[in-house]
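So the chains spell out like this:
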2 protein chains.
Amino acid sequence: MIPRVMSRAPLHPTREQIELPMVLDCLSDPIRLAIVYQLAQQERVSSELCCGDFSGLSGKSNLAYHFAKLRECGLMLTRVAGTNRFMRLRREDLDARFPGLLDAVLSSAAKDADRLQLIAECDVTVAG
Amino acid sequence: MIPRVMSRAPLHPTREQIELPMVLDCLSDPIRLAIVYQLAQQERVSSELCCGDFSGLSGKSNLAYHFAKLRECGLMLTRVAGTNRFMRLRREDLDARFPGLLDAVLSSAAKDADRLQLIAECDVTVAG
DNA sequence: CCCTATGTTCAACGTTTATTGAACTATTGA
DNA sequence: TCAATAGTTCAATAAACGTTGAACATAGGG
């Protein structure tokens, strides 16, 4: 019986192991696309996001499932810090491996931001 | 009972109906990526390809399934001519809708052409 | 007119996927 | 030490997916 542990550092593929079909498939899910989109917006501030920041998109366990997929296909990096996991895009690796792809996807997504519901409703600023 | 007919012109989405997640999902399948890749190579000659030209990738009925997906998500156009169906990329619509995306995918795919088996074995030129 | 070639449609199948809630692990702060 | 917090893992489910072969539709050539 393999013990179920969550303290170990999550596994990430090397740059060369990142595969185009896996990346495209990962980005084709609306929830994962929204996660990547929000991570990309956070890039400018060079800061990271943790799981809780995406609670507007889905439930915790479903998010954990999508985070795992994003990690396994090489789209993002997870850093464990206490009870939090901080995540960021693997921008450099992706740009090296598939030049222009991530930006094309992100700007295409931005154009359809509302149609794609990239920003969770609870993230919208409420006047008052 | 709806009669099953194959003479009618296949349905294609309008430019505005083309959705990013559907396109990414379509491109994430190795067989469909290979089809798109070969269509893109044919673009230079501004000519079209018909189903039989892809017989190296899979069986006829499986190809018809993938062609339908590619059509329905707006990646390619099918023109009926006698018993043949000629297909080509919806380059203009895709570039208008998602600037740079198709080229980024195609050049990323080209870099991994062998790994992705984009060219069917029977397409390889045999010396003799 | 029939036979062949081209390609589609259908039904069946096994596999993978996304989603849920409950159980669990691990860390922090009172 | 204990409760609260953050997030993962597991099992179960339903839906979607890719693949196959057989049946079908359509057009063209002898």
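1. Considerations on the sheet that holds strand β3 (residues 84-89) of chain A
Residue and element names in this part refer to chain A.
So, step 1. Spatially, β1-β3-β2 is the arrangement adopted by the three strands of the open sheet, whose pairing is antiparallel. Of all the strands in the sheet, just β1 (49-50) and β2 (76-81) have a single pairing partner and so form its edges.
So, step 2. Across two bridges, β1 lies against β3 in antiparallel orientation. Across the sheet, residue leucine 49 finds its bridge partner in β3, namely methionine 87.
So, step 3. Of the strands in this sheet, β1, β2 and β3 touch helix α2 (residues 30-43), which is tilted by about 80° from β3.

2. Focus on the pattern of salt bridges
Any two side chains of opposite charge can pair, given that their charged atoms come close.
So, step 1. The final tally for this structure, using the stated rule, is 20 salt bridges over all chains.
So, step 2. Of the charged contacts in the structure, one is a salt bridge between Asp95(A) and Arg91(A), with a shortest N-O distance of 3.4 Å. With Asp95(A) and Arg91(A) both in helix α4 (residues 91-97), this residue pair falls four residues apart, about one helical turn.
So, step 3. Of the charged contacts, one joins Arg90(B) and Asp93(B) as a salt bridge, the two residues approaching to 3.0 Å between their closest N and O atoms.
So, step 4. The buried category is assigned to Arg90(B), whose relative accessible area is 7%.

3. Considering the confidence of the model for chain A
So, step 1. On average, chain A scores 90 in pLDDT, and the residues at 70 or more come to 88%.
So, step 2. Note on residues 122-128 of chain A: pLDDT is under 50 here. Beyond four places in sequence and across chains, it has two contacts.

4. A few points about the packing of aromatic side chains
Residues and elements named next belong to chain A.
So, step 1. Going through the model one piece at a time under the given rule, you end up with two aromatic pairs over all chains.
So, step 2. Ring geometry for phenylalanine 54 and phenylalanine 67: centres 5.7 Å apart, planes at 65°, overall edge-to-face. Placement of phenylalanine 54 in the loop between β1 and α3 (60-72) and of phenylalanine 67 in helix α3 is noted, with a sequence separation of 13 residues between them.

5. Here's the deal with the pairing of strand β2 (residues 76-81) of chain B
So, step 1. Judged from the six bridges that link them, β2(B) and strand β3 (residues 84-89) of chain B form a sheet pairing that is antiparallel. Bridge pairing in β3(B) links Arg79(B) to Phe86(B).

Rules behind the numbers
- Residues numbered from 1 in each chain as written.
- Chains lettered and ligands numbered in written order.
- Predicted model: local features only at pLDDT ≥ 70, side-chain atom pairs only at ≥ 80, totals over all residues.
- Heavy atoms only, no water.
- Pairing = 2+ DSSP bridges.
- Helix = DSSP H or I, 4+ residues; strand = E, 2+ residues; numbered from the N terminus.
- Contact = heavy atoms within 4.5 Å.
- Axes fitted to C-alpha atoms, helices over the stretch in contact; angles between N-to-C directions.
- Salt bridge = Lys/Arg side-chain N within 4 Å of Asp/Glu carboxyl O.
- Buried < 20%, exposed > 50% of the residue type's maximum accessible area, 1.4 Å probe, protein only.
- pLDDT = per-residue confidence, 0-100.
- Phe/Tyr/Trp six-rings, centres within 6.5 Å; stacked < 30°, edge-to-face > 60°.

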